[in-house]
Amino acid sequence: MVRNTANAQELLLDRQIARLKAGRFVPLCFSAELEERFERAVGALRALRMSRDGLLIILIYNLFLISDYQAMPQRIWLAVFLRTCVFTPIAFAIHAVLRREPSARVREGSIVVLAGVAATCAVILYWHVSSQISTHASVSLMLILLVTNIVMRPRFNYAMASMLFCNLTSVAFLVKDPFLQPIEKMHMGGLVFWGGVFILIANYSLEREERLSYLLLRSNELKRVELSEANRELELISTHDPMTQLANRSAFEKEFEVLWSHAAQTHQPISAVMIDIDHFKIVNDTQGHLYGDEVIKRVALLIQQALRGKHDFAARYGGEEFVLLLPGVSLESAMKVAERIRQLIKMAGSPAPSQPVPQPEIGLWTTVSCGVASAEAVEGIDRRRLLLAADTALYTAKAEGRNRVCAAPLLEPVNWQHKGYE
């Protein structure tokens, strides 16, 4: 289910990526859910960038008082009023709003409002001065569009709104201007319009690249998650027995080495329990291998239930045989764990047989034999001696009648060599 959901999301992202990469004009919006995720991912950083850049814009906007004084000293006080008493307080208020990480509409709309205030102040300041200053008005509107749509970069729809406002303001200014000739008015109006169009195209490209970058990043994240899940599944397959879901022989050997090294470093004991299902060959021969598999699964599940905690390690050692590693556990405690497992399996019994039972006392009731061994000081000792001792105890339990727990001490190296283990 999780993989299907991830695949559906990946397919949706691939479609959106292909749409934005197509090279033609397409609406810059996603589906409602994807748009919400996009906003959550970029909204806070976007508001922070706008507020930071806004401070620089306020500073530069007020530095234009120098050129105002040089170009039209007779209007310097009006310039001071418009720049410091009108635009600047509004700009600082918008800066404060942006610092609070507002909604997308408030964030983007506030930039358009600021552009409108700047354009209005420019028209008022340059109105009815001279033909040269009238030219400055058109240049100022172009500059306002450039700063708004490229530096602040509102979303494309909002950038179109700022361009529309500045162009309407330019038309109103030029229609009423008494100094410029008609041909000059057409030239200046066209300059503002086509400059605004090019700026709008740049704004569109910037937003498309931002959205495309987000989609590619999100797609890569999904692919990494999917790859990680696949790797975990492969690791699970390579380290776990598919029938019982216990660790397999290979995983056991690795864990055994780790736990043995830890026991040597901490000077703690470590115990092993070998478990074998009694009369399993007869069960397989009389009931079939599928029934035998069910017996193995049930025993594995009961072994897991009988473990003390996350530090105990259980594995399927081979066929109908299992092994436990109990770090930090003495022989006496390990015997109790093994006895608990034996009793639990005996009480649970066997799955319902599908074939007649020739020997009911054997084939109808599942029991196990357990061999236990413990090593108190493992430093300098070959860890295989612990398994050999547990295996020796298991054979003792089998020889004494099965369905019991027996223990055996670690064999000395000389005895180990005589048994052919060296």
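Everything below is about the structure shown above.
Calculation criteria
Within any chain, residue numbers begin from 1 and follow the written order of that chain's sequence. Only residues with pLDDT of at least 70 get local features here, since the model is predicted, and only at 80 or more are side-chain atom pairs given and counted; chain-wide, interface and lining totals rely on the full set of residues. Side-chain figures throughout are based on the complete set of non-hydrogen atoms in the structure, without hydrogens or water. Residues belong to one nonpolar core when they are buried, are Ala, Val, Leu, Ile, Met, Phe, Trp, Tyr or Cys, and are joined through side-chain atoms within 4.5 Å. Each residue's exposure class comes from its accessible area (1.4 Å probe, protein chains only) as a fraction of the maximum for that residue type: buried when under 20%, exposed when over 50%, partly exposed otherwise. Put simply, DSSP marks the helices as runs of H or I at least four residues long and the strands as runs of E at least two long, and each gets a number from the N terminus on. In this description, contact between two residues means that some pair of their heavy atoms is separated by no more than 4.5 Å. Throughout this description, a polar contact denotes any pair of N or O atoms lying within 3.5 Å of each other; where both atoms belong to protein, one of them has to be capable of donating a hydrogen while the other can accept it, and for residues adjacent in sequence the pair is counted only when both atoms sit in side chains. Aromatic contacts are taken between Phe, Tyr and Trp rings whose centres are within 6.5 Å, Trp giving its six-membered ring; a plane angle under 30 degrees counts as stacked, one over 60 as edge-to-face, and the others as tilted. Note on geometry: a ring has a charge over it if NZ (lysine) or CZ (arginine) is within 6 Å of the ring centre and within 35 degrees of the ring normal. Just to be clear on terms, a salt bridge is a Lys or Arg side-chain nitrogen sitting within 4 Å of an Asp or Glu carboxyl oxygen. Two strands pair if DSSP finds at least two bridges between them. Only the stretch in contact is used when a helix axis is fitted, and all axes are lines through C-alpha atoms; the angle between N-to-C directions ranges over 0 to 180 degrees. Disulfide assignment relies on a single distance test, namely cysteine sulfur atoms paired within 2.5 Å.

1. A word on the nonpolar core
And then number 1: Leu 20, Phe 30, Phe 87, Tyr 126, Ile 144 and Leu 215 are the most contacted members of the largest nonpolar core, which totals 56 residues.
And then number 2: Secondary-structure elements contributing two or more residues to this core are α1 (2-21), α2 (32-63), α4 (76-99), α5 (104-126), α6 (131-152), α7 (156-176) and α8 (182-239).
And then number 3: The dominant element in this core, judged by the number of residues it contributes, is α5, at eleven residues.
And then number 4: Excluding residues within four positions of it along the chain, Leu 20 makes contact with Val 26, Leu 28, Phe 30, Arg 208, Arg 211, Leu 212 and Leu 215.
And then number 5: In this structure, Ile 296, Ala 300, Val 329 and Val 368 belong to the second largest nonpolar core, which totals 29 residues.

2. Things to note about the side chain of His 95
And then number 1: Among the secondary structure elements, His 95 is positioned in helix α4.
And then number 2: Residue classification places His 95 among the buried residues on the basis of a relative accessible area of 18%.
And then number 3: A polar contact of 3.0 Å, which involves the side chain of His 95, links it to the backbone oxygen of Ser 51.
And then number 4: Sequence-distant contacts of His 95, defined by excluding residues within four places in its chain, comprise Ser 51 and Leu 55.

3. Observations regarding the packing of aromatic side chains
And then number 1: Throughout the structure, instances matching the rule amount to eleven aromatic pairs.
And then number 2: When the centroid spacing of 5.6 Å and the interplanar angle of 80° are considered together, the rings of Phe 30 and Phe 38 count as edge-to-face.
And then number 3: Look at Phe 30 and you get buried, because its relative accessible area is 9%.
And then number 4: Taken together, the aromatic side chains of Phe 252, Phe 256, Trp 260 and Tyr 317 make up a single cluster linked through ring pairs.
And then number 5: The ring of Tyr 61 is capped by Arg 83, whose NZ or CZ atom sits 4.6 Å from the centre of that ring.
And then number 6: Seen from the ring of Phe 256, Arg 383 lies directly overhead, with NZ or CZ sitting 5.7 Å from the centre.

4. Examining the pattern of salt bridges
And then number 1: The tally for this structure, following the rule as stated, stands at 21 salt bridges.
And then number 2: When the shortest N-O distance is used, the salt bridge between Glu 36 and Arg 40 registers 3.2 Å. On the criterion of helical spacing, the pair formed by Glu 36 and Arg 40 is a turn pair, its members being four residues apart in helix α2.
And then number 3: Residue classification places Arg 40 among the exposed positions, given a relative accessible area of 57%.
And then number 4: When the shortest N-O distance is used, the salt bridge between Arg 218 and Glu 221 registers 3.7 Å. Of the two residues, Arg 218 and Glu 221 both sit in helix α8, three residues apart, roughly one turn of that helix.
And then number 5: Arg 218 sits in the partly exposed class, given a relative accessible area of 23%.

5. Section: the sheet that holds strand β2 (residues 313-318)
And then number 1: Reading across the sheet, the five strands line up as β2-β3-β1-β4-β5 and stay open at both edges, with mixed pairing between neighbours. Both outer strands of the open sheet, β2 and β5 (405-407), are each paired with one neighbouring strand and no more. This sheet shows a mean twist of 20° between the axes of neighbouring strands, independent of strand direction.
And then number 2: Where β2 and strand β3 (residues 321-327) come together, five bridges link them in antiparallel fashion. By the bridge assignment for β3, Arg 316 is matched with Phe 322.
And then number 3: Contacts between helix α9 (residues 249-266) and the sheet are confined to β1 (270-277), β2, β3 and β4 (368-375), with β2 contributing the most and set at about 135° to the helix.

6. Structural notes on the state of the cysteines
And then number 1: Under the criterion given, the structure shown has zero disulfides.
And then number 2: We note that Cys 121 lacks a disulfide partner, and the nearest cysteine sulfur, in Cys 85, lies 11 Å from it.
And then number 3: Cys 370 takes part in no disulfide bond, and the closest cysteine sulfur, belonging to Cys 406, lies 9.4 Å away.
And then number 4: Judged by its relative accessible area of 0%, Cys 370 is buried.

7. Comments concerning the pairing of β1
Regular strands have side chains that alternate between both faces of the sheet.
And then number 1: In terms of residue burial, β1 counts as a mostly covered element, since eight of its eight residues are buried.
And then number 2: The two faces of β1 match: Ile 270, Ala 272, Met 274 and Asp 276 on one face and Ser 271, Val 273, Ile 275 and Ile 277 on the other face are all buried.
And then number 3: Pairing of β1 with β3 involves seven bridges; the strand directions are antiparallel. When the sheet's bridge partners are listed, Ala 272 is paired in β3 with Leu 325.

8. Here we look at the side chain of Ser 219
And then number 1: Mapped onto the elements of the fold, Ser 219 is located in helix α8.
And then number 2: If we skip the residues at most four places from it in the chain, Ser 219 touches Leu 13, Asp 14 and Ile 17.

9. Observations regarding the environment of Tyr 69
And then number 1: In this structure, Tyr 69 sits in helix α3 (residues 65-71).
And then number 2: Looking at Tyr 69, the relative accessible area reads 53%, which means it is exposed.
And then number 3: Here the alpha-carbon distance between Tyr 69 and Phe 25, two residues 44 residues apart in the chain, equals 44 Å.

10. Brief notes about the pairing of β2
And then number 1: Counting buried residues in β2 gives five out of six residues, a clear majority hidden from the surface.
And then number 2: Here β2 folds back onto β3, and the loop between the two strands holds two residues, one of which, Gly 319, carries a positive phi near 60°.

Coordinates in, geometry out; function isn't part of it.
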